[in-house]
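Observations on the model geometry
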Amino acid sequence: MESAGLFIDGAQRPAASGATHEVTDPATGQPWLEVALGGAEDVDAAVAAAARAVGSWSRRPAPERAAIVRQAAAIARERHEHLAQTESRDVGKPINDARVEMASVADVFDFYAGVVRGFGGETLSVPAGGFDYTLRQAVGVVGLITPWNFPGLIATWKLAPALAAGNAVVLKPALLTPASALEIASILHDAGVPPGIINVVPGRGSAVGEAIVGHADVRKIAFTGSTEVGIGIQQAAAASLKRVTLELGGKSPNIIFDDADLEAAAVAGVEAVFGNAGQDCCARSRIIVADEVHDAFVEALVAAAEDFRVGDPADEDTQMGPLVSDDQRQTALDYLASARDEGATVACGGQVLDRSGYFMRPAVVDDATPEMTAVREEIFGPVVTVLRFGDEAEAVAMANDTPYGLSASVWTRDLGRAHRMARDIEAGVVSVNSNSSVHTGAPFGGWKQSGYGRELGLESLRAYTELKNVYVDISP
Ligand code: NAD
């Protein structure tokens with residue numbers, strides 16, 4: 001079995017308690033990595049190291065920080081295959097998906113290394129005799145808390161802008177999948193990020209997560225995870241008025257109009273909800289299809305779902321690996337059973353594979369109605385529900401009939417309708433004739449209970465800075 005320590009103050013170390021945790025390979029159900037299990041004492045050490053280091057890092061000229069972040073991109077490219085293999089093994093992700101994600105890690109570092117050099121404040125108009133400008137300055141020590149589904153990518157979405165803007169970070173990856181965050185920390189270290197600026201403390205939410213959120217010297221929390229935990233973090237952070245950004249769950253609609261390219265929408269619709277075994281905050285898990293094309297579309301959808309290749313994540317042809325844990329698979333199976341009990345039809349899928357690991361066939365649930373549990377709640381597994389609509393107004397109402405608002409897709413060839421839907425859907429991301437939600441240069445995040453704040457783009461860089469106004473009396 002491989003082993004890894006915490007990463008604090010520029011070096012790996014064991015947990016202060018000496019505790020370790022075995023990380024399971026979801027494709028076999030066997031442990032593959034023994035990782036140091038952090039606790040509150042380790043968070044104290046990490047925050048102290050970050051607080052000592054942050055002043056000199058934030059005062060370095062942006063081009064110097066940018067050069068180090070760009071070097072991290074270069075090293076991430078050199079170590080790309082190793083990173084991808086790690087991520088695939090840790091999460092059970094198909095190797096080709098892991099390769100795409102790990103290529104994006106380098107791209108995100110490159111992006112922030114570039115934009116931070118042109119990033120700054122403004123000069124403002126004030127009455128004669130005054131000169132006024134704003135500064136964008138690092139927040140200080142920032143706590144980053146990430147989920148298990150896209151562990152390397154989501155950590156990088158936070159690390160790259162936070163570090164480029166001059167902050168020091170304490171990152172807590174999910175205990176189910178801590179490996180890539182530790183590897184990315186060592187990439188940043190090797191690229192020249194000084195000791196103390198990046199710290200990684202794997203551990204439980206109730207220990208390490210709460211210690212970070214409660215720490216007096218942490219000024220901001222950037223969290224990605226479930227809505228339930230996000231609400232608790234916002235409440236806990238209120239005690240010290242920490243800045244908080246929250247990227248939370250979703251129950252995203254995929255709306256198919258009668259003029260859509262049904263074949264393309266079916267194939268993309270399957271990828272949009274069964275990719276990463278459905279463990280995707282952006283999963284388009286509510287298909288809302290026009291009455292006129294319902295039967296033809298569902299036929300194409302079921303055919304595409306049945307063609308979706310489930311298997312060993314290390315196999316180049318695999319499109320869907322196992323779920324991350326037995327619990328996660330059981331949750332998906334329970335939602336599927338609830339849909340059946342509440343009167344929906346399971347059109348295909350839902351079988352557990354007869355092999356070790358946490359595999360199941362992706363499931364299409366037809367004849368779903370808006371009040372069903374599987375339609376209302378985030379499943380976070382490979383189960384999609386299909387609802388029907390009559391006209392455009394009903395499609396909008398159904399799309400917005402959810403507490404969430406992360407992303408949405410609309411399939412139509414009618415240009416005006418596409419833009420009306422983009423305007424009327426309550427979500428942070430709307431894709432037209434596409435299921436693509438994430439672009440490095442564009443803001444990504446949610447409305448309503450999908451959270452607030454944005455990852456990626458320039459928005460994210462702003463979120464890792466404080467705004468300062470400077471007024472100078474220049475009267476003669
Ligand atoms: P989770 O909320 O259970 O855990 C997320 C992280 O928070 C983990 O590191 C966990 O250890 C930590 N945590 C748990 N309790 C904590 C506490 N009390 N204080 C501080 N930290 C705590 O989520 P998960 O199961 O890891 O991930 C799945 C969820 O994440 C889904 O709801 C999914 O939609 C969401 N997600 C959202 C996005 C997005 O960008 N909007 C992306 C990926 C995942």
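Refer to the structure presented above.
Residues numbered from 1 in each chain as written. Predicted model: local features only at pLDDT ≥ 70, side-chain atom pairs only at ≥ 80, totals over all residues. Heavy atoms only, no water.

Attention now goes to the sheet that holds strand 7 (residues 130-138). Strands sit in the order 6-7-23 across an open sheet of three strands; the sheet is antiparallel. One side of each edge strand has no neighbouring strand; the edge strands of this open sheet are strand 6 (123-124) and strand 23 (465-473). Bridge count between strand 6 and strand 7: two bridges; the pairing is antiparallel. Counted as the bridge partner of Leu124 is Asp132 from strand 7. (Pairing = 2+ DSSP bridges. Helix = DSSP H or I, 4+ residues; strand = E, 2+ residues; numbered from the N terminus.)

Next up on the list: the side chain of Arg417. Mapped onto the elements, Arg417 comes out in helix 14 (residues 415-424). Overall, Arg417 belongs to the buried group, its relative accessible area being 14%. (Buried < 20%, exposed > 50% of the residue type's maximum accessible area, 1.4 Å probe, protein only.)

A separate point is the environment of Asp391. Checked against the element boundaries, Asp391 lands in the loop between strand 17 (383-389) and helix 13 (392-400). As a C-alpha pair, Asp391 and Gln30 span 361 residues in sequence and 50 Å in three-dimensional space.

What follows covers the packing of aromatic side chains. Counting across every chain of the model gives six aromatic pairs. Between Trp148 and Phe380 the ring centres are 5.4 Å apart and the planes differ by 80°, which places this aromatic pair in the edge-to-face class. Taken together, the residues Trp148 in the loop between strand 8 (141-145) and helix 5 (151-164) and Phe380 in the loop between helix 12 (373-376) and strand 17 connect sequence positions 232 residues apart. According to the relative accessible area criterion, Phe380 is buried, its value standing at 17%. Relative to Phe444, the ring of Trp157 lies with its centre 5.5 Å away and its plane at 65°, an arrangement referred to as edge-to-face. Separated by 287 residues along the polypeptide, Trp157 in helix 5 and Phe444 in the loop between strand 20 (429-432) and strand 21 (447-448) bring together distant segments of the chain. The ring of Tyr464 has Lys220 lying over it, and the distance from NZ or CZ to the ring centre is 4.9 Å. (Phe/Tyr/Trp six-rings, centres within 6.5 Å; stacked < 30°, edge-to-face > 60°. Lys NZ or Arg CZ within 6 Å of the ring centre and 35° of its normal.)

To continue, consider the environment of Ile221. Note that Ile221 resides in strand 11 (residues 220-224). Sequence separation of Ile221 and Gln234 is 13 residues, and the distance between their C-alpha atoms is 9.0 Å. Excluding anything up to four places from it in sequence, Ile221 contacts Gly143, Ile145, Ile212, Val213, Ile233, Lys242, Arg243, Val244 and Thr245. (Contact = heavy atoms within 4.5 Å.)

What is shown is where atoms sit, not what they do.
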